[in-house]
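Below, each chain spelled out in residue letters.
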Amino acid sequence: THSRRVTANVNVKLLSRLIPQWKAHNNTVATGRFDDGITYLLIAGWPGGRGGELEPAFEAIKAADPTKGIVIDVRPNGGGDELLARQIAGCFVDGRKVYSKNDIRQNGKFVGPYDRAFEPTKDRPAYRGKVAVLMGPVCMSSNESFLMMMKQVPGCKLVGDRSFGSSGNPKPHDLGNGVTVYLPSWRDLQPDG
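The text that follows walks through the structure, step by step, so that each part is easy to find. (Residues numbered from 1 in each chain as written. Predicted model: local features only at pLDDT ≥ 70, side-chain atom pairs only at ≥ 80, totals over all residues. Heavy atoms only, no water.)

Scanning the chain from N- to C-terminus turns up four helices and 11 strands. The C-alpha atoms of the chain give a radius of gyration of 17 Å, which matches the 16 Å a tight globule of 193 residues would have. Sorting the 193 residues of the chain into buried and exposed places 41% on the buried side. A separation of at least 24 residues holds for 67% of the contacts in the chain among residues at least 6 apart in sequence. Within the structure as shown, the chain displays about 10,700 Å² of accessible surface, and the carbon and sulfur contribution to it stands at 49%. Distance between charge centres in the chain, computed from 26 positive and 19 negative side chains, equals 3 Å. (Helix = DSSP H or I, 4+ residues; strand = E, 2+ residues; numbered from the N terminus. Rg over C-alpha atoms; globule rule 2.2 N^0.38 Å. Buried < 20%, exposed > 50% of the residue type's maximum accessible area, 1.4 Å probe, protein only. Contact = heavy atoms within 4.5 Å. Areas by Shrake-Rupley, 256 points an atom, 1.4 Å probe, with all protein chains shown as cover. Lys, Arg positive; Asp, Glu negative; His and termini not counted. Charge placed at Lys NZ, Arg CZ, Asp CG, Glu CD.)

Of note, Arg 105 is situated in strand β5 (residues 97–106). Take Arg 105: its relative accessible area is 40%, and that puts it in the partly exposed class. Taking the C-alpha atoms as reference, Arg 105 lies 22 Å from Phe 146; in sequence the two are 41 residues apart. Among residues more than four places away in sequence, those in contact with Arg 105 are Phe 110, Pro 184, Ser 185 and Trp 186.

Note that all results are geometric; they support no functional claim without further evidence.
Now the structure itself:
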């Protein structure tokens, strides 16, 4: 077995005292606004099957002043549903963007690489202003993909500690003896391969 040992570079409990106009909308999204007009948006996960939890995030993006900026804090986010991450990242681009490539494991071999891309999110707010993303060692898996997406956003700055990286999209394999092993199903690559 493997246990990931990382120390987060964020104290979520402290944020409610540090961020003006703090509002925890649910277990996934919290927002705030600094006195100078900068919007703060915390996304603590990409909750598969519970995409409705991100509605307050879309509202915060819609309300953010592009001349002031928005800070998206994903430091406590260890991943989840990458399709939800694409929806948020799609609010910040005008066209299709390749954010990574991957080789997929099939029949004991890797095939590919295949482009992974995101596009503007239809029927969601479009934000074209200053944006910074706070990141750290807890960020991995689908949240690593979100960071790669945001690197494709013009003018976006990623700030913080090094992320943990891709999880390799592990899939369960039953060994037939009561043991299930999770093995990577792909190799995640940067857009340039």
